[in-house]
Every structure is written in C-alpha cells, then in structure tokens.
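# Descriptive analysis of the structure
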Amino acid sequence: MPPVTSKNKLDLLSTTKAEMDIFIQSHGWKPYRAEQILRWIYQRGVTQIDHMSDLSIHDRTYLASIATINRPTITSVLQSQDGTTKFLIQLHDGATIETILIPERDRRTVCLSTQIGCSLDCKFCLTAKLGLKRNMNAGEIIGQYLSIQSYLAKTYKKPPRLTNVVMMGMGEPLANIDPVRNAIQNMIHGRCGLGLSPRRITVSTAGIPNKFYDILKLDVNLAISLNASTNEQRRALMPAANRLCSLSELLDVCRTLPLPHRRRFTFEYVLLRRVNDSPEDAVRLARSLRGIPCMVNLIPFNEIPGSSYAKPDETTVRTFQNILIQQNIDTYLRKSKGPDVLGACGQLGTNTRESSCSMPKN
Ligand code: SF4
C-alpha cells in the first residue's frame, strides 16, 4: 500500500492506479472516480484536493479528511552557465534532496533522486558521503517532476515541456525498487498518469542484478554503471556494489537477460585520471562487452571538493573512445552538465540537509 502520512491520511501522489481502484471501492465510490482523481494530480497538477472542481464539495471535503497530496516543495534554484538547473527540494519531513534539469537541443531531461543519500559507497561520488538517510516514496520521486513542471509553468510565458526522465540523481534506484516501480507506472500511465513513453525513461544502477528484470519488465531503459575494466578496479572503486556482484558476474547476467525487442543495455563508465582511463582499460572493456547488445556512455569525472580523483585530459578521453569505436562498440561521450553548481553526475549532495525524520534505513 502507498504511504500513509503522520495524520493517517493516504498520500495520493504515492498511489498507483491499481491501489487507487481499491481505495475508491473501499469508500463506496463509483470506479471512474479513481482516474478522475489521478488526472487532477498528474495531468492538471493540482496540489490541493479542494481544487478538484468536478468532485462535489461533499466528496472533496470527505476525500481531504482521509487523503492528502504530499507534493515536494522547491526551496532553491541554482542556474549553471550551461543552462543546467539544480533544484533543492524539500520533502514533507523537512529533508532536502537535489534534482537536476538538463536542457539539450530538443530535450529537457529531469534527473530524479530516489533515495536521500545512498547506501552504496562508490569512491568517486559525493552522494556516497552522506550515507543512506532514508528511501524516498513514489510520491516524492514523481513529485520532483511535477514540482519542476509547475516551476517552469510559473517562470516562463511559453514553458518548455519536460521530455525525458533519468533516475540518476541521489541514491541507488534498485535498492528502493517498489517506490521506483510505482513512480514509473504513474509516469507512463496514458489515461491518468504523466503519459510519458517508457523509452524516454532511464533507470541507472550501480549493479543490483536480481532487480534488473523488474526494471526491464516496465519497458524502460536500464543503464548500468561499470566504471572499471577489471574486477579489482571495480572492487576498489565501487566496493559495496562489487560485494553484490563482480564486474564479470555482472556482465554474465547481462549476456543472459532477455531484453525487450530492439533494446540494448547502456553501460556508464566514469573516466578517472590514471585509474581506469588507459588504452589497456579500453581494450579490456571492449573485450568483456563482446556479445552484449549495448552502448557505452563515457563520463569524464566531474571533479568534487576534497576528492583525490581527477578528470582525464581530452586526448586520453578521445583515445579511450576511439578504441571502443574501433571494436564496434557504440560509444557516446557525455558532456559534463552543470559542474559550476555541482549538478553534474556524482556531484549531488553538497546542498542536501540531513533528514529530520526517523524512518528506518534499509
Ligand atoms: S554513484 Fe550512485 S550508487 Fe554509487 S554512491 Fe553515488 S549515488 Fe550511490
């Protein structure tokens, strides 16, 4: 069941269509009410039950007595020179998270957080330093999208449309799989959700293989962070993820997992100067990806205060990329977005205040 707030009210923003059907039935309402209420939340963006004007005043009053819409609130907006925007967003218990809006030619991608902090300890990532404060619920995950959409509507005469979602913000989405799945279901529901195409949604993981299929079943894209060309490298860079699964075991899983038609894996590889960026690394990586339908996103490290890791120079990055391309691996060099506001990959967590709530850690 979706979360119930401290006032014992159902959080409508965390409720899937199937859960809403049960809720509506249990209160003796007609079945069509479920879609009617969800459309108000996702398609008209209301934040108060009282604004659902095609419900009678009696029904609105009753609904407000048993349910609520826990929409997160934007508390601060940091604008990067390259157009990337970092939002600090406050949740109902006072905890803050970071969400990034990345404008590119024909897309507006919103990068969502799924946990406050992270339970994994990737050595190059600022979020890891926070530890895991708590998991986010489905409403808090999809609420980031809705809050940014409302912000754009208020800020611009012709508000740009959000086109893509990536779950690559704070946290490991597959360590919080149920809320992530529910949020995705509400994102892709055509009649009463956001109506996003699953192909425009990407879930990024450090590698929890027994949850891969849960994501692929939703028909969305799965991006897996490798960041290493040998088991030893991965053990040093991503010790917690490596304890779940070594690099070679991870790639074996990818070899056997049934992919939806015309899909391929996306592998993420953060390039760290003199750690995993040599031509030998590129050759080894290309060799270990043989037989896996995939593309590789290369991400030159985004430097963070106090980190011992550094960004490779451009020649090193190009050499690495060319070796993969020569081995017929589709390779995309990701441009760093929003580094001046610490909004780039691996840089989230600087502006995050600790959660004041006492929900259990997983
Ligand atoms: S890279 Fe991702 S999984 Fe690893 S610590 Fe950072 S947020 Fe967690």
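Residues numbered from 1 in each chain as written. Predicted model: local features only at pLDDT ≥ 70, side-chain atom pairs only at ≥ 80, totals over all residues.

Our next topic: the site of the ligand. In the vicinity of the ligand lie 11 residues, with C118, C122, C125, A128 and A206 positioned nearest. In terms of residue class, the shell around the ligand is made up of seven nonpolar, three polar and one charged. (Near = placed C-beta within 6 Å. Nonpolar A, V, L, I, M, F, W, Y, C, P; charged D, E, K, R; others polar.)

For helix α2 (residues 32-42), the complete set of buried residues consists of A34, I37, L38, W40, I41 and Y42. Where α2 is buried, its residues contact α1 (17-26) and α5 (177-188). (Buried ≥ 20, exposed ≤ 12 C-beta atoms within 10 Å, placed from the backbone. Helix = DSSP H or I, 4+ residues; strand = E, 2+ residues; numbered from the N terminus. Contact = placed C-beta atoms within 7 Å.)

Checked against the element boundaries, T127 lands in the loop between β7 (115-117) and β8 (132-135). Counting along the chain gives 10 residues from T127 to G117, while the straight-line C-alpha distance between them is 5.5 Å.

A sheet is described by the order of its strands in space; here 10 strands give the open sequence β3-β4-β5-β6-β9-β10-β11-β12-β13-β14, paired in mixed fashion. Each edge of the sheet is formed by a strand with only one pairing partner; in this case those strands are β3 (73-79) and β14 (330-333). Shown here is a sheet whose adjacent strand axes are inclined to one another by a mean of 25°, direction ignored. Two elements, strand β6 (residues 107-111) and strand β9 (residues 164-167), share three bridges in a ladder whose sense is parallel. (Pairing = 2+ DSSP bridges. Axes fitted to C-alpha atoms, helices over the stretch in contact; angles between N-to-C directions.)

Many analyses report the size of an interface as the accessible area lost when the parts associate. Domain assignment breaks the chain into domain 1 (10-68) and domain 2 (73-341). Taken together, the contact between domain 1 and domain 2 spans 10 residues of the former and 16 residues of the latter. A total of four residues in the side of domain 1 that touches domain 2 trace back to one element, the largest contributor, which is α2. (Domains from an automatic or database assignment.)

What follows concerns unusual backbone geometry. Of note in the backbone geometry, R274 takes a positive phi value of approximately 55° without being a glycine. Looking at the element boundaries, R274 is found in the loop between β12 (265-271) and α10 (279-288). Since 10 C-beta atoms lie within 10 Å of it, R274 is described here as exposed. With a phi close to 65°, N328 is a non-glycine residue in the positive phi region.

Moving on to the pairing of strand β10 (residues 201-205). For a regular strand, the rule is simple: side chains alternate between the two faces of the sheet. Of all the five residues making up β10, four are buried; the element is thus mostly covered by neighbouring parts of the structure. Inspection of the sheet shows β9 paired to β10 by three bridges, in the parallel sense. From the neighbouring strand, V165 faces β10, where its bridge partner is I201. Remark: the β9/α5/β10 crossover connection has right-handed handedness. (Right-handed = clockwise from strand over helix to strand, strands pointing away.)

A large share of β12 lies buried, amounting to five of its seven residues. Summarising the sheet, strand β11 (residues 221-225) and β12 pair through three bridges and their orientation is parallel. Looking at β12, one finds that I224 is bridged to F267. Where β12 and strand β13 (residues 294-300) come together, seven bridges link them in parallel fashion. For T266, the partnering residue across the bridge sits in β13 and is M295.

Turning to the packing of helix α4 (residues 138-155) against α5, a few remarks are in order. Where α4 contacts α5, the two axes come as close as 8 Å, and the packing angle between them is 45°. With respect to their mutual orientation, α4 and α5 come out oblique. For the pair α4 and α5, the crossing hand works out as right-handed. Contacts between α4 and α5 pair A138, I141 and I142 from the former with P179, V180, N182, A183, N186 and M187 from the latter. Broken down by class, the residue content of the contact of α4 with α5 amounts to seven nonpolar, two polar and no charged. (Parallel < 35°, antiparallel > 145°, perpendicular 65-115°, else oblique. Left-handed = near helix turned anticlockwise from the far one by under 90°.)

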